[in-house]
Amino acid sequence: MKLTDGAETLKNVGEARLVLLHKLGIKTIGDLLEFFPRDYLDRSVISPIGELAQGQMATILAKRAGDAQFRQLAGKNITRLYFSDGTGQIAISWFNQPYIQQALKYGEDYYISGKVAWSPAGLTLENPQWDRVEGESLSAGRIVPVYKLTVGITQKILRGLIRQALDETAGQIEDFLPPNILHAHGLCGRSFAVENIHFPNGGEDFYTARKRLVFEELFLLQTALITAKGHLKQKIAPADIFANMDITPILSALPYKLTDDQVKVLDEIMGDITGGFALNRLLQGDVGSGKTAVAMVLCYLAAKNGAQAAVMAPTETLATQHFQAFTEILGGLGVNCGLLSGSQKPKEKREIKAKLAAGEINVIIGTHALLQDNVEFARLGLVITDEQHRFGVRQRAALNSKGTIPHVLVMTATPIPRSLAMVLYGDMDISAIRQMPPGRQPIDTYSVTKAYHNRIFDFIRKQVADGRQAYIICPLIQKDEGDEDASAAQNKQEITQVIKFAELLKDGVFADINVGILHGRMKADEKNAVMTAFGLGEIDVLVSTTVVEVGINVPNATIMMIENAERFGLSQLHQLRGRVGRGKHKSYCILVTDAKNQVTKKRMDAMTKTGDGFVLSEMDLELRGPGEFFGTMQHGLPRLMLANLYKDMEVLAAARDAVINMGEVSHLPLKNKVKSLLAKVQQIAL
Ligand code: ADP
Ligand code: MG
């Protein structure tokens, strides 16, 4: 049996089972071995029922006793079974699983594992995992793996298949990490790791295995990302080093004094430039934190040192805005700015391109049009991308290849946790502006229940009477992966609800003001018409699904009301809140939720207490776990199988160091492995 063989090569895999395995993403024997457990049960220790203590994770070994009981409670069918092991008896309940009464038979021995909890019937096990005791020992007397399942595949089946695959392919698992890296980081070999991630011989072996595989996962991803982007810290030619670092003229031309954070970031950037290395830095900072000023200072420096700068924005509107702002400040300092955009006439474009090639334009501002092949620079020395997440890796690599080795600054308004930034931008240095320019009013944020609807609507009416505008966001449930039909139907239903909600308001409390509706099923021009009307103030209250999240800027809007706020993660709530507080008027964010669970409570508390996007993004990662967190970041990062960016920070830092120290990928097995990841990584929007 080979790792590349299909899963059907295994004993006990027929056609029907093969389909189920495919559903789990398992096609080959190799896939099966990399189908890592999502959890473990420690069945190396069996607890006597008589000695269970509340709160402990425990496995009991027991037989059924007494009669089963059935009850209805709050719409749930509860089946309660009794078990005893000679030291005591325990009642365990299962919700909506009536078949459990047949599945667990009298006279058989069962391992039952779960958290010991208090119940009116005495101590019990919550949602326990169970296995019948059998001759073989994959499910007993040891640390037992727990896998993600699909209907028709049980834990026992998967454990058996994986055991079989491990035995049949012994000695075939290749280690693609270079030996010196294994050695330097104290990592075990791959074959030991794969065996022990599934069937660890004990806690220590498990941790050794997991560390190795987490390291490998993060190391590979970062190596692939860096390979795709095609650059690491690179020395620049002495002739390209900026000699003139005097920024006094531009600082006095700016209409404000830079904030401490802006100064700190400029310091970091100028340190890179004067150090003889190409600047390669990510600048994070919330919307409105003043990233543009930093970009202007840099462009000024480039121009004064005879180099050209290219500034790329994600939309024409933003590019035009930048062009105006840059011209206003830099124009007076003898720096020539130009705009290149898709909507310009061919003749105009030609002229600008000619000037650019001749070196007459110092700073060119544009959209992706700047990436086209027929744009030539006389001496490109600096590339700044704003709101970079919409540019692909490949596009950036294309632009970087236009200069010799230009300085690169990437600016993003999406605060992401440090660990995630390190993975996504493993090759870059990272700076952050956390402080807002003075005079900005914080957005007052409240969390209330639906009982407050009328009061909120009154408040909105008052603001509208004062000439302000409001957003009301009704979320759609996040799409469930792999279940597209169901989610499409659900989506439709929920959009219907949004429309209903909007119409209720329109005909009721807001009968005398203008209510607009925006949702994902509208055509692009319909959406644009509504957004434009809202921007012009023709619509007072915009009821919308989350489509407003992307780049809408209406400074006159002062209220962001979010229905069912529990459905959003913190990062998304923060993004939504950022739609208000953009003008001179005091703004408010009102989170409406009837959910009472702990996670929701923590999220709402965090939102009301802080406006710092970084704090919120860290908390978001912690509360959701990385899997879900990634889903909402839309980076398209491949799903991490094992690594947890919150808990594995240390391994992440070690992997990053290893990647950076390695430089060029020369170890052949690693090169091949990275190659297969490249296509995936190139899709990532960075
Ligand atoms: P972003 O980080 O979202 O790109 P901008 O650079 O557009 O933010 O800045 C937002 C606003 O704050 C702009 O109107 C800008 O003129 C202003 N601003 C930037 N820096 C300062 C400062 N140090 N003091 C006062 N206002 C500032
Ligand atoms: Mg900006």
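For every chain, the first residue of its written sequence is number 1, and the numbers climb from 1 along that sequence. The lettering of chains begins at A and the numbering of ligands begins at 1, in the order of writing. Restriction of local features to residues with pLDDT of at least 70 applies here, the model being predicted, together with a cutoff of 80 or more for giving and counting side-chain atom pairs; totals for whole chains, interfaces and linings are based on all residues. Only hydrogens and water are set aside when side-chain values are computed; all heavy atoms of the structure are taken into account.

### Examining the state of the cysteines
Turning to step 1, where the next piece is worked out: Counting rule for disulfides: a pair of cysteine sulfur atoms within 2.5 Å. If you walk through the whole model with that rule in mind, you get zero disulfides.
Turning to step 2, where the next piece is worked out: In this model C474 remains outside any disulfide bridge; the closest cysteine sulfur is found in C589, 14 Å from its own.

### Re the site of ligand 1
Turning to step 1, where the next piece is worked out: The environment of ligand 1 is made up of 15 residues, and the closest members are K257, Q262, G288, K291 and T292.
Turning to step 2, where the next piece is worked out: Whenever a nitrogen or oxygen atom comes within 3.5 Å of another N or O atom, the pair is scored as a polar contact, on the condition that within protein one atom can donate a hydrogen and the other can accept it, and that pairs from neighbouring residues in sequence are kept only if both atoms are in side chains. The contact in question runs from an oxygen atom of ligand 1 to an N or O atom on the side chain of K291, over 2.7 Å.
Turning to step 3, where the next piece is worked out: Only the protein chains shown count as cover for residues, and the accessible areas themselves come from Shrake-Rupley with a 1.4 Å probe. Within the complex, 70% of the 560 Å² of free accessible area of ligand 1 lies under protein. Put simply, a residue is near a molecule or strand once any heavy atom of it comes within 4 Å of that molecule or strand.

### Some points on the pairing of strand β2 (residues 57-73)
Turning to step 1, where the next piece is worked out: DSSP-based pairing: two strands are paired if at least 2 bridges between them are found. Secondary structure elements follow DSSP: runs of H or I of four or more residues count as helices, runs of E of two or more count as strands, with numbering from the N terminus. Examined bridge by bridge, β2 and strand β5 (residues 110-119) share six bridges and lie antiparallel to one another. Paired with T59 across the strands is S113, a residue of β5.
Turning to step 2, where the next piece is worked out: With eight bridges joining them, β2 and strand β3 (residues 76-84) adopt antiparallel strand pairing. When the sheet's bridge partners are listed, R64 is paired in β3 with F83.

### A word on the sheet that holds strand β10 (residues 337-340)
Consider a sheet: its strands pair through backbone hydrogen bonds, and that pairing is either parallel or antiparallel.
Turning to step 1, where the next piece is worked out: Spatial strand order, β10-β11-β9-β12-β13-β8-β14: seven strands in an open sheet with parallel pairing. Each edge of the sheet is formed by a strand with only one pairing partner; in this case those strands are β10 and β14 (429-433). Across the sheet, the mean angle from the axis of one strand to that of its neighbour is 20 degrees, orientation sign disregarded.
Turning to step 2, where the next piece is worked out: Examined bridge by bridge, β10 and strand β11 (residues 363-366) share four bridges and lie parallel to one another. Bridging across to β11, L339 finds its partner in I365.
Turning to step 3, where the next piece is worked out: A contact between two residues is defined here by any heavy atoms of the two lying within 4.5 Å. For helices, the fitted line uses only the C-alpha atoms of the stretch in contact; every axis is such a line through C-alpha atoms, and the angle between N-to-C directions lies from 0 to 180 degrees. Where helix α10 (residues 291-304) meets the sheet, it contacts β8 (280-285), β9 (308-312), β11, β12 (380-386), β13 (407-412) and β14, and its direction lies at approximately 170 degrees from that of β12.
Turning to step 4, where the next piece is worked out: The strands touched by helix α11 (residues 316-330) within the sheet are β9, β10, β11 and β12, with β10 carrying the most contacts at an inclination of about 170 degrees.

### Some details on the packing of helix α4 (residues 155-168) against helix α6 (residues 190-198)
Turning to step 1, where the next piece is worked out: Remark: α4 packs on α6, axes separated minimally by 11 Å, with the N-to-C direction vectors making an angle of 160 degrees. By the angle between their axes, α4 is roughly antiparallel relative to α6. The chirality of how α4 crosses α6 is left-handed. Between α4 and α6, the contacting residues are I162, R163 and L166 on the first element and V194, E195 and H198 on the second.
Turning to step 2, where the next piece is worked out: Classifying every residue of the contact of α4 with α6 by side-chain character gives three nonpolar, one polar and two charged. Here is the rule for angles: anything less than 35 degrees is roughly parallel, anything more than 145 is roughly antiparallel, 65 through 115 is roughly perpendicular, and the remaining ranges are oblique. Should the near helix be turned anticlockwise from the far one by less than a right angle, the crossing is termed left-handed; should it be turned clockwise, right-handed. Gly is placed with the polar residues, together with every amino acid not listed as nonpolar (Ala, Val, Leu, Ile, Met, Phe, Trp, Tyr, Cys and Pro) or charged (Asp, Glu, Lys and Arg).

### Focus on the packing of aromatic side chains
Turning to step 1, where the next piece is worked out: Classification of ring pairs uses Phe, Tyr and Trp, with its six-membered ring standing for Trp, and accepts pairs whose centres are within 6.5 Å; under 30 degrees between planes counts as stacked, over 60 as edge-to-face, and the remaining range as tilted. For the structure on display, the rule yields nine aromatic pairs.
Turning to step 2, where the next piece is worked out: Ring centres 4.7 Å apart and planes at 65 degrees place the aromatic pair Y40 and F206 in the edge-to-face group. One end of the pair, Y40, is in strand β1 (residues 39-42); the other, F206, is in helix α7 (residues 203-229), with 166 residues separating them in the sequence.
Turning to step 3, where the next piece is worked out: Accessibility expressed as a relative area gives 13% for F206, which makes it buried.
Turning to step 4, where the next piece is worked out: For the ring pair F215 and F219, a centre distance of 5.7 Å and an interplane angle of 15 degrees mean the geometry is stacked. Of this pair, F215 and F219 are both found in helix α7, four residues apart, which corresponds to roughly one turn of the helix. For the pair shown, F215 and F219 are each scored as buried.
Turning to step 5, where the next piece is worked out: By definition here, charges over rings are those cases where NZ of Lys or CZ of Arg is within 6 Å of the ring centre and within 35 degrees of the ring normal. Above the ring of Y106, the side-chain terminus of R64 is found at 4.3 Å from the ring centroid.
Turning to step 6, where the next piece is worked out: Over the ring of F95 we find K76, and its NZ or CZ is 5.2 Å from the ring centre. Throughout, exposure labels follow a simple rule: accessible area from a 1.4 Å probe, protein chains only, divided by the maximum for the residue type, with under 20% read as buried, over 50% as exposed, and the rest as partly exposed.

Don't take any of this as a statement about function, it's just geometry.
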